[in-house]
Amino acid sequence: VFAGMNGSAIENFSCVIYNISFMNCTWQAGRDAPGDTQYFLYWKNSRYDDAMECELYITDENGRNMGCRFQNVKIEIEKAYFLVNGSSKNSLIQFYDEYIQLYKIEILTPPLNVTVNCTRDPAGCIITWQPPLTSHVENVNCFEYEISIQKK
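These numbers were taken from a predicted model, which means no experiment stands behind them.

Rules behind the numbers
- Residues numbered from 1 in each chain as written.
- Predicted model: local features only at pLDDT ≥ 70, side-chain atom pairs only at ≥ 80, totals over all residues.
- Heavy atoms only, no water.
- Pairing = 2+ DSSP bridges.
- Helix = DSSP H or I, 4+ residues; strand = E, 2+ residues; numbered from the N terminus.
- Salt bridge = Lys/Arg side-chain N within 4 Å of Asp/Glu carboxyl O.
- Buried < 20%, exposed > 50% of the residue type's maximum accessible area, 1.4 Å probe, protein only.
- 1 Å grid on protein atoms, 1.4 Å probe; cavity = no way out; pocket = protein on both sides within 12 Å on 5 of 7 lines; lining within 4 Å.
- Points joined across faces, edges and corners; volume = space filled by probe spheres on them.
- Nonpolar A, V, L, I, M, F, W, Y, C, P; charged D, E, K, R; others polar.
- Core = buried A, V, L, I, M, F, W, Y, C linked by side-chain atoms within 4.5 Å.
- Contact = heavy atoms within 4.5 Å.

**What about the pairing of strand β7 (residues 80-87)?**
And then number 1: Summarising the sheet, strand β3 (residues 38-44) and β7 pair through 7 bridges and their orientation is antiparallel. Following the sheet pairing, Leu-41 is matched in β7 by Val-84.
And then number 2: Both β7 and strand β8 (residues 96-100) contribute to a ladder of 5 bridges, which runs antiparallel. Each residue of the ladder has a partner; that of Phe-82, found in β8, is Glu-98.

**What about the pattern of salt bridges?**
And then number 1: Per the stated rule, a full pass over the model turns up 2 salt bridges.
And then number 2: Here Glu-11 ties to Arg-31 by a salt bridge, and the two come within 2.3 Å at their closest N and O atoms. Here the residue Glu-11 occupies a position in strand β1 (residues 11-18), and Arg-31 occupies one in the loop between β2 (22-28) and β3, the gap between them amounting to 20 residues.
And then number 3: The exposure class assigned to Glu-11 is partly exposed, which follows from its relative accessible area of 22%.
And then number 4: Classification of Arg-31 as exposed rests on a relative accessible area of 64%.
And then number 5: In this structure, Glu-78 and Arg-47 form a salt bridge, with 3.4 Å as the shortest nitrogen-oxygen distance. On the criterion of sequence distance, the pair formed by Glu-78 in the loop between β6 (65-70) and β7 and Arg-47 in the loop between β3 and β4 (52-53) is long-range, its members being 31 residues apart.

**A short note on the layout of surface pockets**
And then number 1: Considered as a void within the structure, the largest pocket measures approximately 250 Å³ in volume.
And then number 2: In terms of lining residues, the largest pocket is bounded by 13 residues, among which Trp-43, Met-52, Glu-55, Phe-70 and Gln-71 are the most central.
And then number 3: Counting residues per element, the ones that place at least two in the lining of the largest pocket are β4 and β6.
And then number 4: Broken down by class, the residue content of the lining of the largest pocket amounts to 6 nonpolar, 3 polar and 4 charged.

**Focus: the nonpolar core**
And then number 1: Ranked by size, the top nonpolar core spans 26 residues in total, and within it Phe-13, Met-23, Trp-27, Leu-41, Phe-82 and Leu-102 carry the most contacts.
And then number 2: Elements supplying a minimum of two residues to this core: β1, β2, β3, β6 and β7.
And then number 3: Non-local contacts of Trp-27, meaning those with residues more than four positions away in its chain, are made with Ile-10, Glu-11, Asn-12, Phe-13, Tyr-39, Leu-41, Tyr-57, Asn-65, Met-66, Gly-67, Cys-68 and Val-84.

The structure is reproduced here in structure tokens:
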């Protein structure tokens, strides 16, 4: 049973990891949350870590926390745990929590050092590249690539 007023927990919680080690999480205020509700995000990267509160909140025009920016995020094998709770002078606010596999929310950088060497013989062109940078993939054979060739 969730303590707090129904409809006061955040909605549409979403996180994305980009540029290898940056993460943004965002949410919307609960549809029935009182106007003075303030939300706070805590997360743990693994069960062995201590919970950490967001250090850089994203706020709306009223100063309400609606997201968080993280730096130096490391993707671990385990699921990360996120909890957003809230406070209001008027009522108890329900919390929201979720476990997320961080590798599933990473936006990978493009492949590096893409080169194309074309010859006139029927062999055509040779395209080479290096895998994208990432904080967690140790086996580059895990990547799949798609090449779009357009004649000009």
